[in-house]
Amino acid sequence: MNFPQDQVQELKRLFSDVSYAADGGYDYFLIRNVTLAKPCIPETTDVLLCPNAREGYNSRLYFPNQIQCEKQLNWNGTTFIFDRQWHAFSWQLQPLERRLAQMVASHLRGFTS
Amino acid sequence: MCDDRYNRQSFLGPDAQEKIEECTVGIIGLGGGGSHIAQQLAHIGFKKYVLYDPDVPEESNLNRLIGLTVKDVEKKIPKIHIARRLILALHPEAKIQAIQKNWQESPNFLKTCNIIFGCVDGYKGRMELEAFSRRFLIPYIDIGIDVHHVDGEPPNLSGQVIASLPGEPCMKCLGFITEQKLQKETQKYGAAGHNPQVVWANGVVASTAVGLATNLLTGWTKAIPEIYLSYEGNLGYMKPHVFLKYTDKACCHYPADQVGEAVFLPL
Amino acid sequence: MIHVKITKPTYNRMRADLIRPHPFAYERVGFIFARKDTTEDSITLFATDYHAIPDTQYIDDPDVGARINSAALRSVMERAYSTKECILHVHLHDHSGAPRFSKVDRIGYNQMIPSFHNLGGSAVHGAMIFSINNAAGLIWMSKADLPVPVNKLSIVGYPLEIQKAGVGFYV
């Protein structure tokens, strides 16, 4: 894993259960029990952050299921990762949003912005 | 059944037939390419199969899906059953796991394979299959055909056969899968369209893939096969892809320790 | 069913190391690190690396084929502790056909392999013997369990080799 320790620590301060794995040239941070904005269903979920540029996105945040929320999202990122399907909606971050915690927060804003 | 059944392929080696019969092959996609592969593997003597395809053939498949009949289309017989019928006609005792789903929905059967053939559309689908194969140390052979239209020129028929072997260059190393291609595909999401397909081109790449797999299993040529072959459809031949000259020997995308079940290390 | 898979380069590296003569040990030993995958009816161990034991970490004991010191074991266990990998102790039998675990092997492994489970986690550990053309293996699923045999070995490369592991089980 090649990420600055301060970013990893920052992520851990925001989310208590964070772990890391890599696959196929991509990095993945698994963050468990993330609380989503109301009225998303489910209210809490695990998420998988891929901070690498892929498929035209600066980063992607994957969910175990397509989350139901008021906003209509384009779930164009269904991908088999490790051992199961994960789902991501189309959400492009600004190029400068490169800190790990910032990426997660910005992606989660996609449910309400 | 007479032992003479395979005597014309005895050049493959004295224990080749035993290896072939013991090998479990996975075929993802039983359409134009995969149906050729299933047929040829059955003729050679492979007896253990894992087949995945969620689809039911349409009339447009009649131009290329090996074994498909007009009645099958009318009766909406799933593609996996067409392949299964082909195999069982040659080997009534064959062990066939035929799963009418996308492999991602039920991947455990695929783990039992010794060789996996990918006959799927799209770069993302190929990348996922390759990642899975690498993780479970299964040689993966990918085939595909495409037709490019250039204004004022005849259509260009091309294709590929790529063997992605653990430790060897992967499809990203070989420049076949790139982020640009994945991006284009993501942008077209939901508007995939129909890829042009013809039976003879499918047959060429499928046959090449089957020959490559048989060599991999039996070692009959005693020489590691070329892992990236391109099909020049307009000219009618296969040749080693020029990228092979420029590819690093070792793969940087699938390190040796990224195998088995995913282990997330707590931070 | 227990299946061990190893790539040909790693397998060749292992063999090349194990056939080298040692200044005083009759034979060499080494370790394969592996990751596992579990399905309903099988466990597969995927070799990730071969770890050679440096010459200086052998103990001169004429009563056994090879004995390694605590530093050798410590380095193996330290790696497995941080990576959560499985550990397989390996050595060669210089004959063709199915190798067998000897009484000395059995006694030594009964002490060594269960202790690897002190590392915690869900890894399994074991031992394999490779002959010229076959192999036998035993896996301890937990510290308390009796070992179970490896049923299949795949050497993934050119050509692909799929072996039904030998009969050299717990003798």
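Before reading further, recall that the structure is shown in the block above.
Treat the numbers as computed from the prediction; the structure is a model and nothing was measured.

## Things to note about the overall build of chain A
Then, in step 1: Helix and strand content of chain A: 2 helices and 6 strands.
Then, in step 2: In chain A, the succession of helices and strands from N to C terminus is α-β-β-β-β-β-β-α.
Then, in step 3: The C-alpha radius of gyration computed for chain A amounts to 13 Å, which stays within 12% of the reference 13 Å derived for 113 residues, consistent with globular compactness.
Then, in step 4: Taken over 113 residues, chain A has a buried fraction of 30%.
Then, in step 5: Taking the contacts inside chain A whose residues are at least 6 apart along the sequence as the reference set, 43% of them involve residues at least 24 apart.

## Quick word on the overall build of chain B
Then, in step 1: Of the regular secondary structure elements, chain B holds 7 helices and 9 strands.
Then, in step 2: Its C-alpha atoms give chain B principal-axis dimensions of roughly 55 × 45 × 40 Å.
Then, in step 3: Out of the 267 residues belonging to chain B, those deemed buried represent 49%.
Then, in step 4: A fraction of 70% describes how many contacts in chain B between residues 6 or more apart in sequence connect residues 24 or more apart.

## Here's the deal with the interface of chain A and chain B
Then, in step 1: Contacts between the two partners involve 21 residues from chain A and, on the opposite side, 21 residues from chain B.
Then, in step 2: Mapped onto the side of chain A that touches chain B, the elements with two or more residues apiece are α1 (5-14), β1 (18-23) and β5 (79-81) of chain A.
Then, in step 3: Among the elements that line the side of chain A that touches chain B, the one with the most residues is β1(A), at 6 residues.
Then, in step 4: Residue classes in the side of chain A that touches chain B are distributed as 9 nonpolar, 7 polar and 5 charged.
Then, in step 5: Pairing of β1(A) with strand β9 (residues 265-266) of chain B, which is carried by 2 bridges, proceeds in the antiparallel orientation. Across the sheet, A:Ser19 pairs through a bridge with B:Pro266, a residue of β9(B).

## Some remarks on the nonpolar core
Then, in step 1: Ranked by internal contacts, the top residues of the largest apolar core, which has 143 residues, are A:Leu49, B:Ile27, B:Ile141, B:Ala209, C:Ile32 and C:Met128.
Then, in step 2: Looking at which element gives the most residues to this core, the answer is helix α7 (residues 199-218) of chain B, with 10 residues.
Then, in step 3: Discounting residues that sit within four places of it in the chain, C:Met128 has contacts with C:Val4, C:Leu88, C:Val90, C:Ala135, C:Ala136, C:Gly137 and C:Val150.

## Concerning the sheet that holds β1(A)
Then, in step 1: Taking strand neighbours across the sheet as the criterion, the 5 strands line up as β4(A)-β3(A)-β2(A)-β1(A)-β9(B) in an open arrangement whose pairing is antiparallel. Strands at the two margins of the open sheet, each flanked by one partner only, are β4 (60-62) of chain A together with β9 of chain B.

## Details of the packing of helix α2 (residues 32-44) of chain B against helix α4 (residues 79-90) of chain B
Residue and element names in this part refer to chain B.
Then, in step 1: Where α2 meets α4, the axes come as close as 9 Å, and the angle between the chain directions of the two elements is 15°. By the criterion of interaxial angle, the relationship of α2 to α4 is roughly parallel. Crossing handedness for the pair α2 and α4: right-handed. Mapping the contact onto sequence places Ser35, Ala38, Gln39, Ala42 and His43 in α2 and Ile82, Ala83, Leu86, Ile87 and Leu90 in α4.
Then, in step 2: Its residues placed into classes, the contact of α2 with α4 shows 7 nonpolar, 3 polar and no charged.

## Here's the deal with the interface of chain C and chain B
Then, in step 1: With 17 residues of chain C at the contact, the number on the chain B side is 21 residues.
Then, in step 2: Breaking the side of chain C that touches chain B down by element, the ones donating at least two residues are β1 (2-7), β2 (29-38) and β3 (43-52) of chain C.
Then, in step 3: A per-element tally of the side of chain C that touches chain B places β2(C) first, with 4 residues.

## Brief notes about the sheet that holds strand β3 (residues 95-99) of chain B
All names here are of chain B.
Then, in step 1: Within the open sheet, the 8 strands sit side by side as β3-β2-β1-β4-β5-β6-β7-β8. Their pairing is mixed. Sheet topology places β3 and β8 (237-240) at the edges, where each strand pairs with a single neighbour. Strand after strand, the sheet turns through a mean of 15° between neighbouring axes, direction not considered.
Then, in step 2: Where strand β1 (residues 24-28) and strand β2 (residues 48-52) come together, 5 bridges link them in parallel fashion.

## Regarding unusual backbone geometry
All names here are of chain A.
Then, in step 1: For the peptide bond that leads from lysine 38 to proline 39, omega is -5°, which places it in the cis range.
Then, in step 2: For proline 39, the location among the structural elements is in the loop between β2 (26-35) and β3 (44-50).
Then, in step 3: In this model, isoleucine 41 is joined to proline 42 through a cis peptide bond whose omega is 5°.
Then, in step 4: Structurally, the position occupied by proline 42 is in the loop between β2 and β3.
Then, in step 5: If you check the backbone angles, asparagine 33 has positive phi at about 55° while not being a glycine.
Then, in step 6: Relative to the helices and strands, asparagine 33 resides in strand β2.
Then, in step 7: Even without being glycine, phenylalanine 82 reaches a positive phi, approximately 65°.
Then, in step 8: Among the residues examined, phenylalanine 82 registers 19 C-beta atoms within 10 Å and is labelled partly exposed.

## Section: helix α1 (residues 8-18) of chain C
All names here are of chain C.
Then, in step 1: Considered for burial, the residues of α1 that qualify are Thr10, Tyr11, Met14 and Leu18. Take α1 and look down its axis: the buried residues cluster within an arc of 100°, on one side only.
Then, in step 2: If you follow the buried residues of α1, they end up packed against β1, β2, β3, β4 (86-92) and β8 (152-156).

## Some details on the environment of B:Leu41
Residue and element names in this part refer to chain B.
Then, in step 1: With respect to the helices, strands and loops of the structure, leucine 41 is situated in helix α2.
Then, in step 2: Spatially, the C-alpha atoms of leucine 41 and aspartate 55 are 21 Å apart, while their sequence positions differ by 14 residues.
Then, in step 3: Sequence-distant contacts of leucine 41, that is, excluding residues within four places in its chain, are made with Val25, Phe46 and Val210.

## So, the pairing of β8(C)
On a regular strand, one side chain projects to one face of the sheet and the next to the other, so that they alternate.
Residue and element names in this part refer to chain C.
Then, in step 1: Extensive coverage of β8 is indicated by the burial of 4 of its 5 residues.
Then, in step 2: Taken together, the 5 bridges between β1 and β8 define a ladder with parallel strand orientation. Counterpart to threonine 7 in the pairing with β8 is valine 156.
Then, in step 3: Sheet analysis places β8 next to strand β9 (residues 161-164), joined by 4 bridges and oriented antiparallel. Bridge assignment links leucine 153 to a residue of β9, and that residue is glutamine 163.
Then, in step 4: Hairpin connection, β8 to β9: the antiparallel pair is bridged by 4 residues.

Cut-offs used in this document
Residues numbered from 1 in each chain as written. Chains lettered and ligands numbered in written order. Predicted model: local features only at pLDDT ≥ 70, side-chain atom pairs only at ≥ 80, totals over all residues. Helix = DSSP H or I, 4+ residues; strand = E, 2+ residues; numbered from the N terminus. Rg over C-alpha atoms; globule rule 2.2 N^0.38 Å. Buried ≥ 20, exposed ≤ 12 C-beta atoms within 10 Å, placed from the backbone. Contact = placed C-beta atoms within 7 Å. Nonpolar A, V, L, I, M, F, W, Y, C, P; charged D, E, K, R; others polar. Pairing = 2+ DSSP bridges. Core = buried A, V, L, I, M, F, W, Y, C linked by C-beta atoms within 7 Å. Axes fitted to C-alpha atoms, helices over the stretch in contact; angles between N-to-C directions. Parallel < 35°, antiparallel > 145°, perpendicular 65-115°, else oblique. Left-handed = near helix turned anticlockwise from the far one by under 90°. Arc of directions from axis to C-beta.

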